[in-house]
Amino acid sequence: MGVLDEIEAAIPALRRYAHALVRDGQRADDLVQDCLERAVAKRHAWRGDGPVQAWLFRILINRHRDLIRAAPRPGHLVAVEDLPHEPATIGGQEAHLDLRDLHDAMGRLPPDQREALLMVVLGGRSFAQAAAILEIPKGTLMSRIARARATLRVLTGRSADPRSPGKAAGQPRNVET
Amino acid sequence: MTDANRLTEDDLIAYFEGAMPADAAADLAARLADDPDARAMLAGWAAQNTALAALYPALPGDAVPQAMADVMARARADEVPVARGAWRMAASVAILAVGLAGGWFARDLMPGATRAQNVAVAALQAHQTFVGEVKHPVEVLASDAEQMNTWMSKRLGRDMRPPDLAASGFTLLGGRIVPSATGPAGFYMYEDAAGQRITLYILPDGAAGSRSFQFAQDGATQSIYWLDENLSCAVVGDIPRDVLRTIAVSAYDQLI
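Remember, predicted model here, so these are calculated numbers, not experimental data. (Residues numbered from 1 in each chain as written. Chains lettered and ligands numbered in written order. Predicted model: local features only at pLDDT ≥ 70, side-chain atom pairs only at ≥ 80, totals over all residues. Heavy atoms only, no water.)

> Teacher, can you tell me more about the packing of helix α1 (residues 3-22) of chain A against helix α3 (residues 52-70) of chain A here?
Residue and element names in this part refer to chain A. α3 packs onto α1 with a crossing angle of 40° between their chain directions and a minimal axis gap of 9 Å. In this view, α1 runs oblique relative to α3, as classed from their interaxial angle. Seen along the crossing, α1 lies across α3 with a hand that is right-handed. Here V3, E6, I7, A10, A13, L14, Y17, A18, L21 and V22 of α1 come into contact with α3, specifically with V52, Q53, W55, L56, F57, L60, I61 and H64. Across the contact of α1 with α3, the residue classes break down as 15 nonpolar, two polar and one charged. (Axes fitted to C-alpha atoms, helices over the stretch in contact; angles between N-to-C directions. Helix = DSSP H or I, 4+ residues; strand = E, 2+ residues; numbered from the N terminus. Parallel < 35°, antiparallel > 145°, perpendicular 65-115°, else oblique. Left-handed = near helix turned anticlockwise from the far one by under 90°. Contact = heavy atoms within 4.5 Å. Nonpolar A, V, L, I, M, F, W, Y, C, P; charged D, E, K, R; others polar.)

> Help me understand the pairing of strand β4 (residues 197-203) of chain B, please; the structure alone is not making it clear to me.
One face of the sheet, then the other: side chains in a regular strand alternate in exactly this way. All names here are of chain B. Where burial is concerned, most of β4 is hidden: seven out of the seven residues are buried. Side chains R197, T199, Y201 and L203 project from β4 onto one buried face, and the interleaved I198, L200 and I202 project onto a second face that is buried too. Bridge count between strand β3 (residues 183-191) and β4: six bridges; the pairing is antiparallel. From the neighbouring strand, G186 faces β4, where its bridge partner is I202. (Buried < 20%, exposed > 50% of the residue type's maximum accessible area, 1.4 Å probe, protein only. Pairing = 2+ DSSP bridges.)

> I would appreciate a short explanation of the interface of chain B and chain A in the present structure.
Note on interface size: it is often stated as the accessible area lost on association of the parts. Each partner contributes to the interface: chain B provides 46 residues, whereas chain A provides 49 residues. When chain B packs against chain A, close to 4,200 Å² is buried across both sides, 62% of that on carbon and sulfur atoms. Our enumeration of links across chain B and chain A arrives at three salt bridges. E8 of chain A serves as the salt-bridge partner of R76 of chain B, at 2.4 Å between the closest nitrogen and oxygen. Between chain B and chain A we count 12 residue pairs in polar contact (both at pLDDT 80 or more) in total. Of all the secondary structure elements, the ones that give two or more residues to the side of chain B that touches chain A are α1 (9-16), α3 (36-55) and α4 (66-77) of chain B. Residue contributions to the side of chain B that touches chain A peak at 14 residues, all from α3 of chain B. When its residues are assigned to classes, the side of chain B that touches chain A shows 30 nonpolar, four polar and 12 charged. (Buried area = accessible area lost by both parts, 1.4 Å probe. Salt bridge = Lys/Arg side-chain N within 4 Å of Asp/Glu carboxyl O. Polar contact = N/O pair within 3.5 Å; in protein donor to acceptor, adjacent residues only side chain to side chain.)

This is a description of form; function is not addressed.
Have a look at this one:
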């Protein structure tokens, strides 16, 4: 399978991730389009170090970070305590989250936490692969995921962390894989 | 259970994300039996993952947007075995240009997409785009020639100075920079006393070996184009071919 075949095969995964990350279908597809054009143009310079899909995701992530830097969108950095607290509509079932609540909550996450969480949840990557794609240390990835999960839990109306509500924002130690 | 024995959230996250050595993970799993809080936390994260997967489902692979499919198709056109080495870029550009023109040029310029024909296509397109402009046919007027030359030389990375075509009855209106697939190109427009306009397209990128004039046509609009070692040029106009040829020779002599 040539590089172009692999790029083409990755399009659905790139779109899925971009749609979740950007939360606007058109802007997400624009991001993927941009990523594909860059990848196609650079494919002869790419040295083949690692999977094509990881390389594509790095391009996508970097482009997304550029866009955020260029046009920061309000609303990402609202403190959790300041948010109106709406309980999830489905009560009782611990394993069930209201999807609309979750979608809204995802939109409140800082972009770095959102990109980290989606990188491990969507697509079945290993933790090490996700850290490599995001080009951050594993400890940083761990920390972002922990904070993202804690924030989602609060925003989707779950009761606060059963043991230590303030703990979620702490710095997890580095772990071995 | 004392606090010291309790599983920390750091441990649980590492365990949950599969980022923990196998023996530590086995140890943690054994301790979960006595820690309902930890089990609830893990269940909550699993519920988040399930909900996120449902919220952002996999997209069907056969519904790729056309624009994305086009990017891949163009890249594949670039990969045909004959289009290797120095010609690879030129060939892809020519195919792209013909593709964009939607067969409009195909009549005269296909088959055999080459670097030179690519220049002709680009020159014809630029001509068609700007020659009809009444108010803004050029970006910089000939009256500001000095400024124009400095600007265009800088952008194109070579000395850019429009040839004098007065001998053929054409005077410079001015110039502009136009985009091309291989970078900025220079574009000059001239006009004769009757208001007839011709254009000169210059790409600071050439090819060794082929110095002969070539001819391309789209309807009444004709182009004579040539490639030098580091320059590709085309003159375009709706004028008799022999006049166009005289102009091309004059431009060629001055642009060397």
